[in-house]
Protein chains: 2
Amino acid sequence: MNQPAKIKHALTTTREGDFAQWYQEVIAEAEMAEESGVRGCMVIKPWGYGIWERIQKLMDEQIKAAGVENCYFPLFIPLSYFAKEAEHVEGFAKEMAVVTHHRLIGDGKGGLVPDPEAKLEEPLIVRPTSETVIGAAMARWVQSWRDLPLLTNQWANVVRWEMRTRMFLRTSEFLWQEGHTAHANRDDAMEETLRALEMYRAFAEGPLAMPVIAGEKPENERFPGAVATYSIEAMMQDGKALQAGTSHYLGTGFASAAGIQYQNKEGQQALCHTTSWGVSTRMIGGVIMTHGDDDGLRVPPQIAPQQIVILPMLRDTDEDEALLAYCEELRKALVKQSALGEPVRVLLDKRPGKATQKRWAWVKKGVPLILEIGGRDAAGGQVSVLRRDRLWREDAKPNFVGQDKDAFLGQATAELEDIQRSLHAEATVRRDAQIVRGVDSLDALAKVYADDQKFPGWVELGWSRPTGAALDAVVAKLKALKLTIRNTPMNAAKPTGTCPFTGEPAVETIYVARAY
Amino acid sequence: MNQPAKIKHALTTTREGDFAQWYQEVIAEAEMAEESGVRGCMVIKPWGYGIWERIQKLMDEQIKAAGVENCYFPLFIPLSYFAKEAEHVEGFAKEMAVVTHHRLIGDGKGGLVPDPEAKLEEPLIVRPTSETVIGAAMARWVQSWRDLPLLTNQWANVVRWEMRTRMFLRTSEFLWQEGHTAHANRDDAMEETLRALEMYRAFAEGPLAMPVIAGEKPENERFPGAVATYSIEAMMQDGKALQAGTSHYLGTGFASAAGIQYQNKEGQQALCHTTSWGVSTRMIGGVIMTHGDDDGLRVPPQIAPQQIVILPMLRDTDEDEALLAYCEELRKALVKQSALGEPVRVLLDKRPGKATQKRWAWVKKGVPLILEIGGRDAAGGQVSVLRRDRLWREDAKPNFVGQDKDAFLGQATAELEDIQRSLHAEATVRRDAQIVRGVDSLDALAKVYADDQKFPGWVELGWSRPTGAALDAVVAKLKALKLTIRNTPMNAAKPTGTCPFTGEPAVETIYVARAY
């Protein structure tokens, strides 16, 4: 009897074997990022940064379409701004990079030290987020109801000192966009908060092909100072949740601290209601853990820096010229086409090196379609196509499909669109299969997350929405199981039954999960 | 006899009256930027940031077209990296922001202070430029001649502590791109250095409509550690020079300090030759001082966030609806067209407010074409067009030109292209008229820059290219006249005559000027 053929995967670590190690290997082998030698900071390499550029471009279009205007605010925030915030914000976070000097001098031993003569009168903080400094600007810009709503956004780097870092997911410096808006009243601000949330939800499910649950965070998980915090939550392949974007309704607390007020139509001064919302390079971590497989990354075509790579099988002979001409013709025909609303992005990879090595490098990078073209293909008007999401044949060989060139050209964009859809469908099926329902006691919950459960996923349950000390008690019970409440999904039907934590009637649906 | 009609300009300060004050007023009135309340840092407002986004987009296309790949490197650079640089670089700059702590704690009096327990073992420097940290990455990435050239770029914020700041021209934090490349030999690196220089020259003369002289800086003006520094120099309307971009050939010095070496085809280890090149938000200051007039900014259409603004003259009557429909139809017809290689950018400004106030706001922002549309225009199929570069009629009234709508639609893109050309031509004529030649002595030079000369421009002269101490003497003489050598233009004919500084035969042409 024949053994089933064994696939020889491109990575040495499998998801099943060691998910955390696999994640690091994908990032290294796809050449997305690496440790920089600077504590907690990474170098984002061209393939990783190219994905971020795609995310920026598509998200920025959405932000602008909503009438939000991009600005740029200072990297440094005076210490006193935070003192003000610390007063009105419980749970104010203090791990930040503090600038105390503005000059270096020689230490007399060939080294350099901060110049004691150049100590700043007031230390500067490297922005961890920009509510305070943008609030100060808004206080200058808003005078009358005519100035509202004030809708601003910035693309920037921010710094939060982290003791334990993981590339893309938690780094001391990261890249993000932060939207900050001011409104005349609660309803307008809440509408904006939910508009941003829906923008993120649609962006995750669309370009990222990453299914998410949009909902409200419980009060213990709110952004410090926020009245309500909403998130999108994605499930990674190890069943853990990843918070991939947040949107906050800040009430009038920040406006009060910063003095953002306006003269209303009746001629009276009133405080603005503000919001803030952001997504970051963390999304790339989500894409890796949603779509990656044991052969590396798989990038959804909409955010792939290159959607199709053409690999000519060069042999250093006279025939190479005809082969390259054929490939160039193919490239030109492809870039004239549009897929997913944009011109197709195609790279003809002419670099030196063995074709199979180059193939596996692109497989690990997750480019959606790879075309390998040999001299015989060129002569016969053929292409050999490898879909990254259908990488292996049953006989464990790479699933190249030979096709007539014109036939391929006629269906290339449909193929890209199909990959985008397929990745989303695959992730949705997996996510949905890993949501456990019917958990009606703490014991049942503990059983889901027992030590012998490898990737236990999420539990969806109805709870009584306790607050204050009662909530703290629930959070403590969950913490003992290494669990957190992710969010209350938008528009969920009211649950029946009783709350497994309090025994009271359930009034609201929540997701409970382990999380990044 | 009639007096000639007197124009009532939109700004209160004229260029002639007080150029520095005029510059600040343009920035304020065009709502481009403002002081942030954080020392040396500005807030870039939507119109200013929109111009930067245009610059980024167009420049990034050029950078990518040259095969350079975008990356992102850490904001923080460990102090020891600079100690290494200080050793090999004479003239190492020391004014930098130094991070010494990573946490804040309460001071017991309601304030916050850096936590003494959270002092960093090694201080971190906020990047003033990234040669050192990118060099460390290059040392990891380059192994063999096959890895060369290595062409990287990043778009980032950088910080250089400045005592005297001026918005866009000199701020402690600014935005820029920095290209960093490594090559196998001097020729390849020099070719890249000059490619970047030419990219900047063409970019300034093209999208920015700003004439520049591309050339090599004298040795005293080289980037510390560089073997050769090249720049593009633009002339502002006050005759001063603005260095608007630089490109450096760094030889093997940085490679040696960072350990960037490769195995050549003969199997031997060799040091790389590196380059770096950058342009920044400073370019926006150059655009203001090249194209601004006494009515505010004039933005070249290629970098204008909006190229055409449609202003309906709303009257809060039933007729507004038909007027808005007419304007929307106009907008739709315009955005379908292409000018200067891109879809036309059009804003229909429906915000509340008086039409004339809104008109002058857009004039001060410098939008290339303003269309004012009244009810009668809508009924009669007309438009009233104001070209920002032909703002006033001889009778001192705004130069609105009434036109048939279809006639305007047929020529709108040609009009935008003509404005782009005209701004460049106007600036070139002015620049060329302010270059003084035939200066053959230090006395003659001093006369050009005598106190009674308002905007004396540049002097082009032949010099003997002294080096070392002889050059220092020349620099000192120039400094006494507040002058600097800008650059030696590329491909200039060899001059005749004698050097006004040394009396020796002139061997090279240079530009001498006051500068920002």
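Treat the numbers as computed from the prediction; the structure is a model and nothing was measured.

Undergrad: Would you mind showing me how to read the overall build of chain A here?
TA: Within chain A one finds 13 helices and 28 strands. Over its C-alpha atoms chain A spans a radius of gyration of 26 Å, differing by no more than 12% from the 24 Å that the globule rule assigns to 516 residues. On the principal axes, the C-alpha backbone points of chain A span a range of 80 × 65 × 60 Å. Counting over 516 residues, chain A shows a buried share of 58%. Here the contacts in chain A between residues at least 6 apart in sequence split such that 69% fall between residues at least 24 apart. Summed over all atoms, the accessible surface of chain A reaches about 21400 Å², with 49% contributed by carbon and sulfur.

Undergrad: Looking at this structure, how should I read the relation of the copies chain B and chain A?
TA: To go from the first copy of the chain to the second, apply a rotation about an axis and then a shift along the same axis. Aligned on chain A, chain B shows an RMSD of 0.0 Å; the corresponding rotation is 180° and the shift along the axis is 0.0 Å. With respect to symmetry, the two chain copies, as superposed, fit the operation of a two-fold axis. If distances are taken from each C-alpha of chain B to the rotation axis, the shortest is found for Val99(B), at 2.1 Å. When you check the interface residues of chain B against chain A, 100% turn up at the interface there too, and the contact is symmetric in its surfaces.

Undergrad: How should I be thinking about the nonpolar core in this particular structure?
TA: Phe76(A), Val99(A), Val126(A), Phe76(B), Val99(B) and Val126(B) are the most contacted members of the largest nonpolar core, which totals 89 residues. Those residues within four positions of Phe76(B) in sequence are excluded, and the remaining contacts are Val38(A), Cys41(A), Ala97(A), Val126(A), Val159(A), Trp161(A), Val99(B), Leu124(B), Ile125(B) and Val126(B).

Undergrad: Quick question: what am I supposed to make of the state of the cysteines here?
TA: Simply put, disulfide is the name for a covalent bond between the sulfur atoms of two cysteines. A full pass over the atoms with the stated rule returns zero disulfides over all chains. Among the cysteines around Cys272(B), which has no disulfide bond, Cys71(B) carries the closest sulfur, lying 15 Å off.

Undergrad: Would you explain the pattern of salt bridges in this entry?
TA: Side chains that carry opposite charge are capable of pairing whenever their charged atoms lie near each other. Residues and elements named next belong to chain A. Throughout the structure, instances matching the rule amount to 74 salt bridges over all chains. The closest approach of N and O atoms between Lys364 and Glu29, which form a salt bridge, is 2.7 Å. With Lys364 in helix H9 (residues 355-365) and Glu29 in helix H1 (residues 19-29), this residue pair connects regions lying 335 residues apart in the sequence. Residue class for Lys364 comes out buried when judged on its relative accessible area of 15%. A residue is classified by how much of its surface remains accessible, and Glu29, at 32% relative accessible area, is partly exposed.

Undergrad: When you look at the side chain of Arg298(B) in this model, what are you seeing that I'm missing?
TA: Residue and element names in this part refer to chain B. Residue placement: Arg298 occurs in the loop between helix H7 (282-291) and strand E17 (308-312). Among the polar contacts listed, one links the side chain of Arg298 to the backbone oxygen of His291, at a separation of 2.7 Å. A polar atom in the side chain of Arg298 sits 2.8 Å from the side chain of Glu426. Once residues within four sequence positions are removed from consideration, Arg298 is found in contact with His291, Gly292, Asp293, Gly366, Arg388, Asp389, Leu423 and Glu426.

Undergrad: Can you walk me through the environment of Asp406(A) in this structure?
TA: All names here are of chain A. Tracing the chain through its elements places Asp406 in helix H11 (residues 405-433). Assessed through its relative accessible area of 54%, Asp406 is described here as exposed. Considering only alpha carbons, one finds Asp406 and Ala333, 73 residues apart in sequence, at a separation of 9.8 Å.

Undergrad: How should helix H5 (residues 186-205) of chain B be read in this particular structure?
TA: One turn of an α-helix holds 3.6 residues; hence residues three or four places apart share an orientation. Taking 1.5 Å per residue, 20 residues should reach 28 Å; H5(B) reaches 28 Å between its end C-alpha atoms and fits that length. Residue Asn185(B) occupies the N-cap position of H5(B), its side-chain oxygen lying 3.2 Å from the main-chain nitrogen of Asp187(B).

Undergrad: Teacher, can you tell me more about the sheet that holds strand E3 (residues 69-70) of chain B here?
TA: Picture the strands of a sheet paired through backbone hydrogen bonds; they go either parallel or antiparallel. All names here are of chain B. Read across the sheet, eight strands follow the order E3-E9-E10-E16-E13-E12-E11-E27 without closing on themselves; strand pairing throughout is mixed. Sheet topology places E3 and strand E27 (488-489) at the edges, where each strand pairs with a single neighbour. Pairing geometry for strand E11 (residues 212-216) and strand E12 (residues 228-235), over five bridges, is antiparallel. Counted as the bridge partner of Val212 is Ala234 from E12.

Undergrad: Looking at this structure, I do not really get unusual backbone geometry. What am I missing?
TA: With the exception of glycine, the majority of residues adopt a negative phi angle, and the majority of peptide bonds are in the trans configuration. With an omega of -5°, the peptide bond between Leu148(A) and Pro149(A) qualifies as cis. Positioned with a positive phi, Asn491(A) is a non-glycine residue whose angle comes to about 60°. Structurally, Asn491(A) can be placed in the loop between strand E27 (488-489) and strand E28 (508-513). Located in the positive-phi region is Glu31(B), a residue other than glycine, with phi close to 50°. With respect to the helices and strands, the residue Glu31(B) is situated in the loop between helix H1 (19-29) and strand E1 (33-35).

Undergrad: What is the right way to look at the domain arrangement of chain A in this model?
TA: You'll often see interface size given as the accessible area lost when the parts meet. All names here are of chain A. In terms of domain boundaries, chain A breaks down into domain 1 (19-79 + 128-291), domain 2 (306-416) and domain 3 (436-513). Just the C-alpha atoms count here: the centres of domain 1 and domain 2 sit 37 Å apart. Taken together, the seven residues of domain 1 in the interface contact seven residues of domain 2. Buried surface at the junction of domain 1 and domain 2, summed over both partners, amounts to about 670 Å²; 48% is from carbon and sulfur atoms. The largest share of the area that domain 1 buries against domain 2 comes from Glu29, Trp47 and Arg54, three residues that together contribute 73% of it. Scanning the region where domain 1 abuts domain 2 turns up four salt bridges. A salt bridge links Glu342 to Arg54; its shortest N-O distance comes to 2.5 Å. Across the domain 1-domain 2 interface, the total number found is five residue pairs in polar contact (both at pLDDT 80 or more). Top element by residues in the side of domain 1 that touches domain 2 is helix H2 (residues 46-65). It accounts for four residues. Looking at the side of domain 1 that touches domain 2, its residues break down into three nonpolar, no polar and four charged.

Undergrad: What exactly am I supposed to notice about the packing of helix H8 (residues 319-335) of chain B against helix H11 (residues 405-433) of chain B here?
TA: Between two packed helices, both the angle of their axes relative to each other and the distance between the axes serve to describe the pair. Residues and elements named next belong to chain B. Look at H8 against H11: their axes get within 10 Å of each other, and the N-to-C directions meet at 25°. Here H8 is positioned roughly parallel relative to H11, judged by the angle of their axes. Where H8 crosses over H11, the two elements pack in a sense that is right-handed. Contacts between H8 and H11 involve Tyr326, Glu329, Leu330, Ala333 and Leu334 from the first element and Lys405, Phe408, Leu409 and Ala412 from the second. The class makeup of the residues in the contact of H8 with H11 is seven nonpolar, no polar and two charged.

Undergrad: Can you help me understand the pairing of strand E12 (residues 228-235) of chain A in this one?
TA: The side chains of a regular strand alternate between both faces of the sheet. Burial analysis of E12(A) places eight of its eight residues in the buried class, the great majority of the element. Connecting E12(A) to the next strand, strand E13 (residues 241-249) of chain A, in antiparallel fashion are five residues, including Gly239(A) with a positive phi near 85°.

Undergrad: Mind showing me how you'd approach the interface of chain B and chain A here?
TA: Listed by partner, the interface residues are 59 residues for chain B and 59 residues for chain A. Between chain B and chain A the total buried area reaches about 5200 Å² when both faces are included, carbon and sulfur atoms providing 66% of it. In terms of surface lost to chain A, no three residues of chain B exceed Tyr72(B), Leu104(B) and Leu112(B), which account for 13% of the buried area on that side. At the junction of chain B and chain A, the tally comes to six salt bridges.

Undergrad: Please clarify how the sheet that holds strand E20 (residues 346-348) of chain A should be interpreted in this entry.
TA: All names here are of chain A. Strand order in this open sheet of five strands is E20-E17-E21-E22-E23, and the pairing throughout is mixed. Of all the strands in the sheet, the pair left with one neighbour each is E20 and strand E23 (401-404). On average, each strand axis in the sheet is tilted by 25° relative to the strand beside it, whichever way the strands run. Pairing between strand E17 (residues 308-312) and strand E21 (residues 369-373): five bridges, direction parallel. Of the residues in E21, the one forming a bridge with Val309 is Ile370. Each of E17, E20, E21 and strand E22 (382-387) touches helix H8 (residues 319-335); the most contacted strand, E17, lies at about 170° to it.

Thresholds applied
- Residues take numbers from 1 onward in each chain, read along the sequence in its written order.
- Chain labels run from A onward and ligand labels from 1 onward, assigned in the order the entries are written.
- Only residues with pLDDT of 70 or above have their local features reported here, since the model is predicted, and side-chain atom pairs are shown and tallied only from 80 upward, although totals for entire chains, interfaces and linings are computed over all residues.
- The side-chain values count all of the structure's non-hydrogen atoms but skip hydrogen atoms and water molecules.
- Here a helix means four or more residues in a row that DSSP labels H or I, a strand means two or more in a row labelled E, and each is numbered from the N terminus.
- This radius of gyration counts C-alpha atoms alone. The globule rule is 2.2 Å times how many residues there are, raised to the power 0.38.
- Exposure categories follow from relative accessible area, calculated using a 1.4 Å probe and restricted to protein chains: below 20% of the type maximum is buried, above 50% is exposed, and the middle band is partly exposed.
- In what follows, a contact means two residues having at least one pair of non-hydrogen atoms within 4.5 Å.
- Methods summary: accessible areas were calculated by the Shrake-Rupley approach with a probe of 1.4 Å, and residue burial reflects only the protein chains presented.
- Superposing copies: least-squares fit, C-alpha atoms only, residues required to have pLDDT of at least 70 in both.
- Working definition of a nonpolar core: buried Ala, Val, Leu, Ile, Met, Phe, Trp, Tyr and Cys residues. They are joined through side-chain atoms within 4.5 Å.
- When the sulfur atoms of two cysteines come within 2.5 Å, that pair is taken as a disulfide.
- Here a salt bridge means any side-chain nitrogen of Lys or Arg lying within 4 Å of a carboxyl oxygen belonging to Asp or Glu.
- Polar contact is the term for a pair of N or O atoms within 3.5 Å; when the atoms are in protein, one must be able to donate a hydrogen and the other to accept it, and sequence-neighboring residues count only if both atoms are side-chain atoms.
- Working rule for helices: expected span equals 1.5 Å times residues minus one.
- Following DSSP output, two strands are said to pair if at least two bridges run between them.
- The start and end points of each domain follow an automatic or database-based domain assignment.
- When two parts are put together, the accessible area they lose, computed with a 1.4 Å probe and summed over both, is reported as buried area.
- Classes in brief: Ala, Val, Leu, Ile, Met, Phe, Trp, Tyr, Cys and Pro nonpolar; Asp, Glu, Lys and Arg charged; the others, Gly included, polar.
- Axis lines are fitted through C-alpha atoms, for helices just across the contact stretch, and the angle between N-to-C directions can take any value from 0 to 180 degrees.
- Note that the term roughly parallel is reserved for angles under 35 degrees, roughly antiparallel for angles over 145, roughly perpendicular for angles of 65 to 115, and oblique for everything else.
- Put simply, a crossing is left-handed when the front helix is turned counterclockwise from the back one by less than a right angle, and right-handed when it is turned clockwise.

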